[in-house]
Amino acid sequence: MSNQSPQTQKKSSGIRVLVVGAGFAGLTAAIECHRKGHDVTLLEKFPELKLLGDIISFGPNSSRIFQRWPGVAEQLDALSQRADGLVIKNWLGETLLTQTWTAEQADFGTRFDGHRGEFHEIVYKHALEIGVNVRLGARVEDYFEGDDEAGVVLEGGERITADVVLAAEGVRSRGRKIVLGYDDKPKASGYAVYRVWFDADEIAKDPDLRFFTDNGDKHVAWLGPDVHFIAASVKNGKDFSWVCTHKDEQDIEESWSFEAPLSDARKVLEGWDPIVQKILDHTPSPLIDWKLVYRDPLPTWISAKRRIALIGDAAHPFLPTSIQGASQAMEDGATLAVCLSRAGSVQEAVAAFEAIRYERVRSAQKTGEQTRDIWHKADFSAAKTDPQSLRLRREAWLLNFDAETYAEMHYAETARVLLENPDRGIFGDTEPGRRLHVPEGKEGYLEYNEKPADVAVSAVETTVKV
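Residues numbered from 1 in each chain as written. Predicted model: local features only at pLDDT ≥ 70, side-chain atom pairs only at ≥ 80, totals over all residues. Heavy atoms only, no water.

A. Broad picture of the sheet that holds strand β8 (residues 140-145). The three strands are arranged β8-β9-β10 in an open sheet whose pairing can be described as antiparallel. Two strands close off the open sheet at either side, each with one partner strand: β8 and β10 (159-162). On average, adjacent strands in this sheet sit at an angle of 20° to one another, irrespective of strand direction. Note that β8 and strand β9 (residues 150-154) share five bridges and pair antiparallel. Residue pairing in the sheet places D142 in a bridge with V153 of β9. (Pairing = 2+ DSSP bridges. Helix = DSSP H or I, 4+ residues; strand = E, 2+ residues; numbered from the N terminus. Axes fitted to C-alpha atoms, helices over the stretch in contact; angles between N-to-C directions.)

B. Molecular detail of the pattern of salt bridges. With the rule as written, the count across this model stands at 44 salt bridges. With its nearest N and O atoms 3.3 Å apart, the salt bridge here joins R16 to D163. Taken together, the positions of R16 in strand β1 (residues 16-20) and D163 in the loop between β10 and β11 (164-167) put the pair 147 residues apart, joining distant regions of the chain. What makes R16 partly exposed here is its relative accessible area of 28%. The class of D163 is buried, set by a relative accessible area of 15%. Residue R135 is joined to E158 by a salt bridge in which the shortest nitrogen-to-oxygen separation is 3.0 Å. In this pair, R135 is assigned in strand β7 (residues 133-136) and E158 in the loop between β9 and β10, connecting sequence segments 23 residues apart. Residue classification places R135 among the partly exposed positions, given a relative accessible area of 29%. (Salt bridge = Lys/Arg side-chain N within 4 Å of Asp/Glu carboxyl O. Buried < 20%, exposed > 50% of the residue type's maximum accessible area, 1.4 Å probe, protein only.)

C. Here's a closer look at the environment of A200. Turning to its location among the elements, A200 is positioned in the loop between β12 (187-199) and α7 (201-205). Separated by ten residues in the primary sequence, A200 and R210 have C-alpha atoms spaced 9.4 Å apart. Not counting chain neighbours up to four residues away, the residues in contact with A200 comprise T213, G237, K238, D239 and F240. (Contact = heavy atoms within 4.5 Å.)

D. Representation of unusual backbone geometry in the model. Geometrically, the link from S285 to P286 is a cis peptide bond, its omega value of 5° lying close to zero. With respect to the helices and strands, P286 occurs in the loop between α9 (274-281) and β17 (287-294). One non-glycine residue, N215, lies in positive phi territory at about 60°. Relative to the helices and strands, N215 resides in the loop between α7 and β13 (219-224). Positive phi, normally seen in glycine, also occurs at R424, with a value near 65°. Counting through the fold element by element, R424 comes out in the loop between α14 (403-419) and α15 (431-434). According to the relative accessible area criterion, R424 is exposed, its value standing at 56%.

E. Fine view of the sheet that holds β1. Taken together, the five strands give an open sheet; going across it, the order is β7-β2-β1-β11-β18, and neighbouring strands pair in parallel fashion. The sheet is open, and its two edges are formed by β7 and β18 (308-310), each paired on a single side. Strand-to-strand twist across the sheet, computed as the mean angle between neighbouring axes with direction ignored, equals 20°. Against the sheet, helix α1 (residues 24-35) touches β1, β2 (39-44) and β11, its axis set at about 165° to β2.

F. Structural detail: the nonpolar core. Counting 87 residues, the largest nonpolar core has V17, L43, F58, F66, V152 and L166 as the members making the most contacts within it. Ranked by residue count, the leading element in this core is helix α11 (residues 346-376), at eleven residues. In terms of nonpolar packing, the next biggest core, distinct from the first, is built from 25 residues, W222, A231, F240 and V276 among them. (Core = buried A, V, L, I, M, F, W, Y, C linked by side-chain atoms within 4.5 Å.)

G. Broad picture of the pairing of strand β15 (residues 239-247). With respect to burial, β15 is a largely interior element, eight of its nine residues being buried. Across seven bridges, the pairing between strand β14 (residues 227-234) and β15 is antiparallel. Across the sheet, residue I230 finds its bridge partner in β15, namely V243. With antiparallel pairing between neighbouring strands as the criterion, β14 and β15 make up a hairpin whose turn holds four residues, including K235 at a positive phi of roughly 60°.

H. Quick look at the packing of aromatic side chains. Evaluated as defined, the whole model comprises 14 aromatic pairs. Consider the rings of F198 and F240, whose centres lie 5.5 Å apart with planes at 50°: the pair is tilted. Of the two residues, F198 is situated in strand β12 and F240 in strand β15; the sequence distance between them amounts to 42 residues. You'll find F198 and F240 in the same group, each marked buried. Members of the aromatic cluster, connected to one another through ring pairs, are F24, F58, F66, W69, F112 and F119. Over the aromatic face of W101 sits the side chain of R394, whose NZ or CZ is 5.7 Å from the ring centroid. Across the ring face of Y358, the terminal group of R434 is positioned such that the distance to the ring centre comes to 3.6 Å. (Phe/Tyr/Trp six-rings, centres within 6.5 Å; stacked < 30°, edge-to-face > 60°. Lys NZ or Arg CZ within 6 Å of the ring centre and 35° of its normal.)

I. Region of the structure containing the state of the cysteines. The tally for this structure, following the rule as stated, stands at zero disulfides. Left without a disulfide partner, C339 is nearest to the cysteine sulfur of C33, which lies 10.0 Å away. Judged by its relative accessible area of 0%, C339 is buried. (Disulfide = S-S within 2.5 Å.)

J. Seen up close, the side chain of S173. Within the fold, S173 resides in the loop between β11 and α6 (175-180). Its relative accessible area of 5% is what places S173 among the buried residues. Looking at S173, its side chain comes within polar contact range of the side chain of E169, at 2.4 Å. At 3.0 Å, the side chain of S173 and the backbone nitrogen of G175 are in polar contact. Dropping the residues within four chain positions of it, S173 is found in contact with Y143, A167, L310 and A314. (Polar contact = N/O pair within 3.5 Å; in protein donor to acceptor, adjacent residues only side chain to side chain.)

This is the structure:
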C-alpha cells in the first residue's frame, strides 16, 4: 500500500514525556514520541476504552503518519469507507454535482474514513504493542510546572512529573488554565450534529435505498437552508452512517453530547427528499445530538515556562465541515516529537512546536466555517448553473502535507528565530516564528485569500506519496 519504510524506535533521548488523554491527539503524540526515543507515559481517565462513536475522517496529510506505524494503515484500510466520490444534492433530491476522488488520491495519497471506535482500537493496540506505558483510570485534577520539570496531580493526590506535559484531553482540558492563566468556557457554535451508525441490513432490503449497499460504498450529501445531511455506506455496504448538521442554541455549560429521539431529526428534515425520509424510517432511535463547541482562537497553546503544551481539541477544536480535526490533532503529535528530538532544550522544543503549527492550524480551522457557510447559505438556483460552487474544496496546501518532514526541514530556522527574539527569546511571543509558517491558504481556502500570502516553504516536494 505504501512505499514508505516504517521507522523503528531510535535510541533513548532521555526526555520524559507525559501525555494526558488517549484520544487520537494523545495516542499520536505518545506513539511518535516513542518512535523518536523519548520516554513516554500516557494517562487516560477512563478505566477501559470502548468502541464508541461513529464516522471519523483522516485526510491524506494524516494517513502519512499512519503509514509509518507497521501494520496500522493496512488495518484501517480494511475498515474504511471507499466510495469513489461524493454525490451532492439539494434537499429535494435533485443532483447538483458528483465529485470524484480519483485525481486527489493519485496526487495527495489515500485517506481513511470509518468508525471512530474501531479506528481508535487499532491505534491504541499499536501503542501498547510498541511499548508505550499507558495508565488507564488516571484522572488528572491539576497541572503544575517549574523551571526544571512539569507534572499533574491525579484524583487521590498522586503527583507525576516529567520534562514536558502534553495536554490532550479535549476542549475541557484542565491544562488550559495553566496555559491561559484563567478558566475559559466553550461557546455554543449555533449548530449541532445528529449522528448515528448502524448495520445496513435494512437499508439493503429497501429497493429505493439498496443503491447504497450494491456495488461498493456510496456517499451522498443533501444540502438545504442552514442544514445538511450526509449519508454513507461503509465496509462494502455492511454498515451505514449518517450525520445531520442543524441550527441549535442549547446551552453547553455541562455537556455537549446528548441523546435525541429520531423524531427531532424528522422535524429538521421535514419535506426533504423521500430518500432521506426512507433513511430515517430505517434508523434506530435514539440518535446522538452532538453540540458543536466553539472557542475563540487561543493566543497561545504553551505555558509560560514552556513545559506544558495543549494539543488537539484542547488547543484548537474544529468544526466537522473542515474534515480536518483528527488530522490536525495527529499533526500536532508528529510535530512535537520532532521538535523534542531536535531541540537544545525542552523549552525550545515547546516554543518551536507552537511556532510551526499555529498559522497552519488557524487556516485549517477556517475551512470548516467556510464549507459550512458555502453549503448552508447556498443559492440553489445559482448552483444549478455553477454546481462546482458547492464542491468540497480539497487543496494541496492542506492535504498534500507531511507534518514530520515539514518539522524536520524547518526546525533549525524556527528555533534560531525564536532564540534571537529580543522579547525574552523562547519565553517571549512566538509570533516571529509563526510568521515563517503561514500556509498558502492563509485565510482558509485559497479563494478567501485577500492577497497572496508570504507563504512558508512546502514540505510537499520532499514528501513520499502514500
